[in-house]
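# Structure assessment
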Amino acid sequence: MTLIILLTLLGIIVALITFCIIIYNGLISLKHNISKAWSNIDVLLKQRYDELPKLVSVCEGYMQHERAVLENVTKARSQLDSAGSEKEIVNANNAITSALRSLFAVVENYPDLKADRAFRQLQARVSQLEDQIADRRELYNESVNLFNIRIEQFPDVIIASMMRLDERELWQIDPEHREDVNMKFSVPA
Amino acid sequence: MAKTTNQTPATNQDQSRGFLLYNRRPALSEHVLESLKEAEAITGINQSELRMRLMGLGIGALNINRCLNELEDCAADLRFIGLNTTAVTKEYVKNGKLPPAARHINLTDSTIKFLDANENTLFKITKESELLIIITDLSGKTVKHLMTAMAYTGNAINKTFDEILKKFSIAKPAAIFYSLNGDSENGVYVDSDIFSYMGLNDKLTHSKGSNFRVMVKEAMAMSKSSITDENFGISLLPGANPEWSRGKSPVEKELGRYTRYILTAVEKKLLPFEAESNEASDEETSPSLSGDKPGTYPSNKNLAGMNSSKGLQPPPNINYSKITSFFQTSLPELIVGLIVIVSPFSFFMSGVKSISAHQVFWKMAAGSAIVLAGVLMFCYSLLLLYYRRMVENTPTSKIRSLSMGMVELSGKSRLYYDLRTSATKTQCVYYRCRYYKYQQTNDGSRWALTRSVSSGKIPFYIEDDTGRVLIKPKGAIFNIPMATQSFQGSYIPTLSIQLHDPNTKVVEELIPERARLYVLGSAQVEKHGKKTREIIIDKLRMLKQSPKIMSEYDINSDGQIDVEEWEAARSDVERMVYAESLANGPGDSESVVIEKPRFGLLPFIIADSEKNLIRKLMFRTWIFLFGGLSTMGFSLNFLVNFFR
């Protein structure tokens, strides 16, 4: 009888240890999911970063009177250059998105530029990248959310506290970037 | 136009009862599938039966045993949900008679006159005529042949009308012509055996069959518009199913009834497929009927197009070996099988006196087998727990921005191949089909599985609002409630005819197109076409075969390409190929597919939704965990007592 009890206890202990291992591995995979999601965004940010000088140079030829808008894009790009932490990268990226929105809004006043093949291609490429960044940002936030929920849930919270896992920050849009772009159209005489 | 019985006063039970007529569809569009539930509530016929009845060619009838007023309400309700339906009374159909038979046909350049024995005109076709033509074969041979071809190959509808007409001409062809110019009671019956031709002698031959073909083609060409019924009077219409083995006259009698159905269908605009035509504008899968004359029945060519779903290719044949099929069985089934087979067998063997010398061995074998089964069940429960955590922990990606590696996707299933189930030819993205035969044994009777077919590895798409990606389901765990349809006997899909046989049964499970889908798998880049190295070799081979280009590399003009010159040529070709591949990008040569992860125990699961999957995995985890632990406890107890 004692042997049976011992065997049952052994079984329960094995089950508990395995359960803990699964929780531990799960938390590790969640942590790395966030890193992977971030790296995947980084890939797209780099691609967009590479496209910006081409876009600015195409626009410069047509938009002589919109230096400020173009400078904003260049400034935002250089901000990304100097960004080190995740938060700085997020801010720089938000700035680029905002600058691009302003640029594309102002382009409405330049039909010649809008008709330019190179510009259209670049605009399509940048818009495509923007969409993909938005999707991946969503995925990143979901990964962070899953992680944050998991480390506060029982029994994961016990292992998470032993692993000293802290809550991660979501990628939030700056309130100023949520404002609509002020579009002004010049009426041809 | 013929007056249907819904305008005829009801005098007896038959008059007050009837059928619902509807136009069948070669492919069921999304809105039809979505309406099936409502249609089930209206008609009382279950969705799976309705799905089968709606698929096919021509018109169909539903006998739902209701009085005419209720039938008309039903038809109105069905029309409201997008199923073009009308009611027809039994009495109207029952009284259907053939129009007068023509004895002579006078073909001229501008008219075709059908005359009786006294050469009085019965019917006339001119350039202003709008015709309904019903063609059939009185011998039944051609019809049977076509039915068989349709049943077993499913591609008879790819035949052109000319081809089918040719086949009829070889047999005993007959046709019924009705005028749709206002008086559809005005018609004529033409039996190729009992009439003779007059006029247009240059187009006629000594063969009755080929003359019949000429007459039908002339009639169609001459008339302003025509609707040709190409279902040969054999559609699954109640009371209009000719028994071909009983000779010519029953066929003729049934044809009279059949024509009443067709006339009602024409009057109620079921035949020209107007609803299908409207759908084509908003449904990608509904093929366009453009090119048809207004008011004409779609030709066989159109129907072939409709059936092939946007020109999708049929899936390739994939043969499964018995070993592969065995390992496709899921792990729980293997474990349960192990317990069920090994344990009782061992217990039995340990109790057999004749092998009493080996009782110890068999008891140990039984105990060990159960311990092993318990351990396996326990391990499987942990694997399920791992899968559940994986499903919970993986965020859902958008297809547009899919990254490589383990991904979770949610969307709707879409076709990659024109995949159809093996029995009913229902279009789907995945199916399993089981064939049973009723067998009498010493112990009684049972349904024995004779054949099991699955679409297995055939890929399909998953689509969300940002794009679509190909799923290669090889090795996937399907955890999805499938639409099930079963019937006894065999089924002719293209005609929606079910041949009843109480001794055979078919159960079909399928995932239809646009089903809600959840996929957890590995996103991989799949390369198509030739690799760069192979392209370089091809180009070098071409270079060698072209003396003109080779001479360009003959720098010292000695008429020979030495090693250095060849190296120069080779590096040029390499540079060119790499430049081309850089300029073109990955293009079509690379695509992302979702498949089973290539290493480890990473899961590849296809389910209906994440929520349902987690619920099922959790349930199974607990079942296997407790099952495994208790089995281990029981068997260890047994072994310990045994050794004591």
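Remember, predicted model here, so these are calculated numbers, not experimental data. (Residues numbered from 1 in each chain as written. Chains lettered and ligands numbered in written order. Predicted model: local features only at pLDDT ≥ 70, side-chain atom pairs only at ≥ 80, totals over all residues.)

Before going further, it helps to examine the overall build of chain A. Helix and strand content of chain A: 6 helices and 0 strands. The linear arrangement of helices and strands in chain A, starting from the amino end, is α-α-α-α-α-α. The burial tally for chain A puts 25% of its 189 residues in the buried class. (Helix = DSSP H or I, 4+ residues; strand = E, 2+ residues; numbered from the N terminus. Buried ≥ 20, exposed ≤ 12 C-beta atoms within 10 Å, placed from the backbone.)

With that out of the way, let us pick up the overall build of chain B. Counting secondary structure elements, chain B contains 18 helices and 24 strands. Within chain B, the proportion of its 644 residues that are buried is 38%. Excluding contacts between residues fewer than 6 apart, the proportion of contacts in chain B whose partners are at least 24 apart in sequence is 73%. (Contact = placed C-beta atoms within 7 Å.)

Right, let's talk about the pairing of strand E21 (residues 504-511) of chain B for a bit. Sheet topology places strand E13 (residues 430-441) of chain B next to E21(B); 8 bridges connect them, and they run antiparallel. Bridge pairing links Tyr435(B) to Val506(B) in E21(B). (Pairing = 2+ DSSP bridges.)

This paragraph deals with the interface of chain A and chain B. Every contact between the two is made by 20 residues of chain A and, on the other side, 19 residues of chain B. Where the side of chain A that touches chain B is concerned, the elements lending two or more residues are helix H1 (2-60) and helix H5 (117-150) of chain A. Considering each element in turn, the side of chain A that touches chain B owes the most residues, 12 residues, to H1(A). Classifying every residue of the side of chain A that touches chain B gives 7 nonpolar, 9 polar and 4 charged. (Nonpolar A, V, L, I, M, F, W, Y, C, P; charged D, E, K, R; others polar.)

Residue and element names in this part refer to chain B. Taken in spatial order, the 4 strands line up as E14-E13-E21-E18 in an open sheet, and their pairing is antiparallel. Of all the strands in the sheet, the pair left with one neighbour each is strand E14 (444-454) and strand E18 (483-488). Shown here is a sheet whose adjacent strand axes are inclined to one another by a mean of 20 degrees, direction ignored. (Axes fitted to C-alpha atoms, helices over the stretch in contact; angles between N-to-C directions.)

For the rest of this paragraph, the subject is helix H4 (residues 68-80) of chain B. Residues and elements named next belong to chain B. Between its first and last C-alpha, H4 extends 18 Å over 13 residues, near the 18 Å set by a 1.5 Å rise per residue. Those residues of H4 that sit buried are Leu-68, Leu-71, Cys-74, Ala-75 and Leu-78. For H4, the arc enclosing every buried residue in end-on projection is 110 degrees, short of the 170-degree limit, so these residues lie on one face. Opposite its buried face, H4 presents the exposed residues Asn-69 and Phe-80, each directed more than 90 degrees away. At the exit of H4 stands Gly-82, carrying a positive phi of roughly 100 degrees. (Expected span 1.5 Å × (residues − 1). Arc of directions from axis to C-beta.)

Quick look at the packing of helix H7 (residues 161-170) of chain B against helix H8 (residues 208-222) of chain B now. The relative placement of two packed helices is expressed as an angle between their axes plus a distance between the axes. All names here are of chain B. Running from amino to carboxyl end, H7 crosses H8 at an angle of 140 degrees, the nearest separation of the two axes being 7 Å. Judged on the interaxial angle alone, H8 and H7 are oblique. Remark: the crossing between H7 and H8 carries right-handed chirality. Residues Leu-165, Lys-166, Ser-169 and Ile-170 of H7 lie in contact with H8, whose contacting residues are Gly-209, Ser-210, Phe-212, Arg-213 and Val-216. (Parallel < 35°, antiparallel > 145°, perpendicular 65-115°, else oblique. Left-handed = near helix turned anticlockwise from the far one by under 90°.)

With that settled, the discussion passes to the sheet that holds strand E1 (residues 18-23) of chain B. All names here are of chain B. Spatially, E2-E1-E3 is the arrangement adopted by the 3 strands of the open sheet, whose pairing is antiparallel. Single-partner strands in this sheet number two, and they are strand E2 (59-62) and strand E3 (85-89). Going across the sheet, the axis of each strand differs from the next one's by a mean of 35 degrees, ignoring polarity. As paired elements, E1 and E3 share 5 bridges and run antiparallel to each other. Paired with Phe-19 across the strands is Val-88, a residue of E3. Relative to E3, H4 is tilted by about 165 degrees, and along the sheet it contacts E1 and E3.

So, on to the environment of Ile151(A). Residue and element names in this part refer to chain A. Among the structural elements, Ile-151 can be located in the loop between H5 and helix H6 (156-162). The exposure class assigned to Ile-151 is buried, which follows from the 20 C-beta atoms found within 10 Å. Separated by 10 residues in sequence, Ile-151 and Ser-161 place their C-alpha atoms 7.8 Å apart. Those residues within four positions of Ile-151 in sequence are excluded, and the remaining contacts are Leu-27, Asp-156, Val-157, Ala-160, Leu-165 and Glu-167.

Moving on, we come to the confidence of the model for chain B. Residue and element names in this part refer to chain B. When pLDDT is averaged along chain B, the result is 73; 70% of the residues meet or exceed 70. Confidence drops under a pLDDT of 50 for residues 273-310, and excluding neighbours within four residues, the segment shows 68 contacts in the predicted structure. Per-residue pLDDT stays below 50 along residues 324-329; that stretch engages in 2 contacts with residues further than four places along the chain or on separate chains. Both scores are available for the predicted complex, with the pTM at 0.57 and the ipTM at 0.70. (pLDDT = per-residue confidence, 0-100.)

Residue and element names in this part refer to chain A. Where helix H2 (residues 67-82) meets helix H3 (residues 86-107), the axes come as close as 8 Å, and the angle between the chain directions of the two elements is 160 degrees. Taken together, the axes of H2 and H3 are roughly antiparallel relative to one another. Considering the relative orientation of H2 and H3, their crossing is left-handed. For the pair formed by H2 and H3, the contact residues are Val-69, Asn-72, Val-73, Ala-76, Arg-77, Gln-79 and Leu-80 on the first element and Ile-89, Ala-92, Asn-93, Ala-95, Ile-96, Ala-99, Leu-100, Ser-102, Leu-103 and Val-106 on the second. Classifying every residue of the contact of H2 with H3 gives 12 nonpolar, 4 polar and 1 charged.

Residue and element names in this part refer to chain B. Counting 65 residues, the largest nonpolar core has Leu-20 and Leu-21 as its most contacted members. Top element by residues in this core is helix H9 (residues 248-267). It accounts for 7 residues. Those residues within four positions of Leu-20 in sequence are excluded, and the remaining contacts are Ala-61, Leu-62, Ile-64, Leu-71, Cys-74, Ala-75, Thr-85 and Ala-87. Within the second largest apolar cluster, 47 residues are counted, among which are Ala-373, Met-390, Cys-428 and Phe-460. (Core = buried A, V, L, I, M, F, W, Y, C linked by C-beta atoms within 7 Å.)

Here the focus is the environment of Met632(B). When you line up the elements, Met632(B) lands in helix H18 (residues 610-643). Note: C-alpha distance between Met632(B) and Leu376(B) (256 residues apart in sequence) is 9.7 Å. Ignoring anything within four residues of it in the chain, the contact list for Met632(B) reads Gly11(A), Val371(B), Gly374(B), Val375(B) and Phe378(B).

Let's shift gears to unusual backbone geometry. Residue and element names in this part refer to chain A. Note the cis peptide between Phe-154 and Pro-155, where omega equals 5 degrees. Within the element layout of this structure, Pro-155 appears in the loop between H5 and H6. A positive phi is found at Arg-164, a non-glycine position, where the angle reads about 55 degrees. Following the sequence through the fold, Arg-164 ends up in the segment after H6. Exposure remark for Arg-164: the 6 C-beta atoms within 10 Å place this residue in the exposed category.

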